[in-house]
Amino acid sequence: MRRMWAVAALLMAGAGVQAEVTVADRSRDAFSQPLPGLGAAELERFARGRALFRQAWVIAPSRDEAVDGLGPLYNRITCVSCHARNGRGRAPDGPDERMQSMLLRLSVPGKDAHGGPRPHPLYGEQLNEEGVPGVPGEGRAAVSWREREVVLAGGEKVSLRSPRVALRELAYGEIGKVGGEVLSSLRVGPPVFGLGLLEAVPAQTLEGLARQAKPDGVKGRVNRAWSVERRRLEAGRFGLKANQPDLRQQVAGAMIGDLGITSSLFPQPNCMPAQSACSQAPDGGRPELSDVQLDELEFYFAHLAVPARRDIADPAVQQGEALFGRLGCGNCHRPTLETGVHPRFPRLSGRTIAPYTDLLVHDMGAGLADGRPDYAAGGRDWRTPPLWGIGLVESINEHSHFLHDGRARNLAEAILWHGGEAQTARDRYARLPRAGREAVLAFLRSL
């Protein structure tokens, strides 16, 4: 392992980024490695968090009291189901395929008491397709695809697909009859490595990036999300619309939203008032996820290392990197950021990292809009996703679905979906000759 980290240091030296946060691993476990330099006790803690990440939670009551309390409503029984090998989920190919690593957010117009989305009065904040015995799952989301063509330089045609969702087998009443208009948003599970480093980027840095004048009409804003622990709005940085202020809340939010596991941050079961069987179902304790378990999960996610760049001496990669800058992609996908002082995990402090994000939300145009506001992020806004590790997704996750809902079937389609503030950069890419476009893709595959 030490030799592998040493190789990473040599590779990353050429990229101008500190190597201590990366691992030179391109195997199927490249997203699952601990941050280099962890001590024995830290590695044991990392392993305990990893076990919880992979844990199949069981229905209460159970002899396994430490891991019971699944549901009553839920999407999956493990965290890893939506983040296979800590990487990306994928979208179904058609309406008859169940969502395996994807979910549907729900809300109605308006805001909750803290400025976040207003939950649907019958179905809550997301569609939970599964229920424990005696508690009906909420229904099924069937995803179908609509195709359209775009034309590139030289007359080449590319077909882009966009999703349509049909709700079936709804168990708690017609969804449109209560609360008025229904707002929905499909989301695939995003990669979960490098999150501690992103958390260590100071909020002041994000505010400064938002204030910077940028070319091509690029703006970018800091979303402001409610901190459950500190009872105030803070800079959002996690979630596809930057609607979570910190890693701990992101983890606890996923546990209650996706698995129905309560915690000290979210102590109430995920039952809506009309779901009486849900409210009466046995629980796995109050809360079901102890603070010690939440600590271990948080430590695990915070200390997952980032895969080092690959093939950086390849002339095509170097050409693509230069084009990436000239096209204007780096206005949002910032190549490097500096971490500040992390209050809980000192190893994450004072690092130079290469996430290729600004963690800001940007108007991405009508084509990618979900029409569902989330705090200060509007219906056309999405957080700039980190690009580190993106070149390994296909080999690790065995698919190449990108963007928030997995509509892009490869990196080229993902670029061509960019609109709004990214329209100018997208159009420059589309006008490149084929060799130039291939170079850009080669660069992305090196990340």
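Residues numbered from 1 in each chain as written. Predicted model: local features only at pLDDT ≥ 70, side-chain atom pairs only at ≥ 80, totals over all residues. Heavy atoms only, no water.

### Quick notes on the overall build of the protein
Here is the rule: The way it works is that DSSP assigns letters per residue, a run of H or I at least four long becomes a helix, a run of E at least two long becomes a strand, and they are numbered from the N terminus. Radius of gyration means the value over C-alpha atoms here, while the globule rule gives 2.2 Å times the residue count to the 0.38 power. Accessible area is worked out with a 1.4 Å probe on protein chains only. A residue is then buried under 20% of its type maximum, exposed over 50%, and partly exposed in between. Note on contacts: a residue pair is in contact if any heavy atoms of the two residues lie within 4.5 Å. Computed with the Shrake-Rupley method and a 1.4 Å probe, the accessible areas treat only the protein chains shown as cover for residues.
A count of helices and strands for the protein gives 12 helices and 15 strands. In terms of overall size, the protein behaves like a compact globule, its C-alpha atoms giving a radius of gyration of 21 Å where 447 residues would be expected to give roughly 22 Å. Taken across its 447 residues, the protein has 55% of its residues classed as buried. In the protein, the proportion of contacts linking residues at least 24 apart, taken out of those at least 6 apart, comes to 67%. Accessible surface computed for the protein: about 18400 Å², of which carbon and sulfur atoms make up 52%.

### Some details on the packing of helix α5 (residues 247–259) against helix α7 (residues 291–302)
Selection criterion: As a rule, the C-alpha atoms of each element are fitted with a line to give its axis, helices using only the stretch in contact, and angles between N-to-C directions run from 0 to 180 degrees. We call a crossing left-handed when the near helix sits turned anticlockwise from the far one by less than a right angle, and right-handed when that turn is clockwise. Side-chain classes are defined by residue name, with Ala, Val, Leu, Ile, Met, Phe, Trp, Tyr, Cys and Pro counting as nonpolar, Asp, Glu, Lys and Arg as charged, and the others, Gly among them, as polar.
Contact pair α5 / α7: the axes reach a minimum separation of 9 Å and the direction vectors enclose 115°. Crossing angle aside, the handedness with which α5 passes α7 is right-handed. Contacts between α5 and α7 involve Leu-247, Arg-248, Val-251, Ala-252 and Met-255 from the former and Asp-291, Leu-294, Asp-295, Leu-297, Glu-298, Phe-301 and Ala-302 from the latter. Split into classes, the residues belonging to the contact of α5 with α7 amount to 8 nonpolar, no polar and 4 charged.

### Section: unusual backbone geometry
Phi is mostly negative for residues that are not glycine, and the peptide bonds are mostly trans. With omega at -5°, the peptide bond leading from Ala-60 into Pro-61 counts as cis. Gly-71 connects to Pro-72 through a cis peptide bond whose omega is 15°. Note that Pro-72 resides in the loop between α2 (40–54) and β2 (73–74). A positive phi angle is found at Arg-85, which is not glycine, with a value near 55°. Look at Arg-85 and you get partly exposed, because its relative accessible area is 33%. Positive phi, close to 60°, is recorded for Glu-398, a residue that is not glycine. If you trace the backbone, Glu-398 turns up in the loop between α9 (393–397) and α10 (411–416).

### A short note on the state of the cysteines
Put simply, the rule is: Disulfide assignment relies on a single distance test, namely cysteine sulfur atoms paired within 2.5 Å.
Per the stated rule, a full pass over the model turns up 1 disulfide. You can see Cys-332 has no disulfide; the closest cysteine sulfur is in Cys-329, sitting 9.1 Å from it. Judged by relative accessible area, which is 11%, Cys-332 ranks as buried.

### With respect to the sheet that holds strand β4 (residues 117–118)
What counts here: Any two strands with at least two DSSP bridges between them are considered paired.
Reading across from one edge, β4-β3-β8 is the order of the 3 strands in this open sheet, with antiparallel pairing throughout. Each end of this open sheet is capped by a strand with a single partner; those strands are β4 and β8 (183–188). The pairing of strand β3 (residues 102–111) with β8 spans 6 bridges and is antiparallel. Bridged to Leu-103 within β8 is Arg-187.

### Description of the nonpolar core
Selection criterion: To form a nonpolar core, buried Ala, Val, Leu, Ile, Met, Phe, Trp, Tyr and Cys residues must be joined to one another through side-chain atoms within 4.5 Å.
Core analysis: the biggest nonpolar cluster contains 113 residues, and Trp-57, Met-255, Phe-301, Tyr-429 and Leu-444 have the highest contact counts within it. Once residues within four sequence positions are removed from consideration, Phe-301 is found in contact with Phe-53, Val-192, Leu-195, Gly-196, Leu-247 and Val-251.

### Regarding the packing of α2 against α7
Definition in use: Should an angle lie under 35 degrees it is considered roughly parallel, over 145 roughly antiparallel, and from 65 to 115 roughly perpendicular; all remaining angles are considered oblique.
At a minimum axis distance of 7 Å, the contact between α2 and α7 shows a crossing angle of 105°. One finds that α2 runs roughly perpendicular with respect to α7. Contacts from Glu-42, Arg-45, Phe-46, Arg-48, Gly-49, Arg-50, Leu-52 and Phe-53 of α2 reach α7 at Gln-293, Asp-295, Glu-296, Leu-297, Phe-299, Tyr-300 and Phe-301. A class-by-class count of the residues in the contact of α2 with α7 yields 7 nonpolar, 2 polar and 6 charged.

### A short note on the side chain of His-342
Operational definition: We define a polar contact as two N or O atoms separated by no more than 3.5 Å, with the added condition that, inside protein, one atom must be a possible hydrogen donor and the other a possible acceptor, whereas residues neighbouring each other in sequence contribute only through side-chain atom pairs.
With respect to the helices and strands, the residue His-342 is situated in the loop between β12 (337–338) and β13 (352–353). Overall, the relative accessible area of 4% leaves His-342 in the buried class. A distance of 3.1 Å separates the side chain of His-342 from the backbone nitrogen of Arg-344, its partner in a polar contact. In this structure the side chain of His-342 is engaged in a polar contact, spanning 3.0 Å, whose partner is the backbone nitrogen of Phe-345. Residues within four places of His-342 in sequence aside, it is in contact with Gly-196, Glu-199, Ala-200, Leu-348 and Ser-349.

### With respect to the environment of Phe-324
Tracing the backbone shows Phe-324 in helix α8 (residues 315–327). Accessibility expressed as a relative area gives 6% for Phe-324, which makes it buried. In this structure, the C-alpha to C-alpha distance between Phe-324 and Arg-380, residues 56 residues apart in sequence, is 24 Å. Other than its neighbours up to four places away in sequence, Phe-324 contacts Cys-329, Gly-330, His-333, Tyr-356, Leu-387, Phe-443 and Leu-444.

### Topic: the confidence of the model for the protein
Which entries qualify depends on this criterion: Known as pLDDT, the predictor's per-residue confidence is scaled from 0 to 100.
Residues at a pLDDT of 70 or more form 96% of the protein, whose mean pLDDT is 94. Low confidence marks residues 1–16, where pLDDT is under 50. Its contacts with residues over four positions away, or in another chain, come to 23 contacts.

### Structural notes on the packing of aromatic side chains
Selection rule: Aromatic pairing here means that ring centres of Phe, Tyr or Trp (its six-membered ring) are within 6.5 Å. Orientation follows from the plane angle: under 30 degrees is stacked, over 60 is edge-to-face, and everything else is tilted. Note on geometry: a ring has a charge over it if NZ (lysine) or CZ (arginine) is within 6 Å of the ring centre and within 35 degrees of the ring normal.
If you walk through the whole model with that rule in mind, you get 10 aromatic pairs. Between Phe-31 and Phe-193 the ring centres are 4.5 Å apart and the planes differ by 25°, which places this aromatic pair in the stacked class. Of the two residues, Phe-31 sits in the loop between β1 (22–23) and α2 while Phe-193 sits in the loop between β8 and α3 (195–199), which places them 162 residues apart along the sequence. Each member of the pair, Phe-31 together with Phe-193, is buried. A network of ring pairs unites the aromatic residues Phe-46, Phe-53, Tyr-300 and Phe-301 as a single cluster. Taking NZ or CZ as reference, Arg-161 lies 3.7 Å from the ring centre of Trp-145, over its face. Its end group placed over the ring of Trp-382, Lys-241 keeps NZ or CZ at 4.3 Å from the ring centre.

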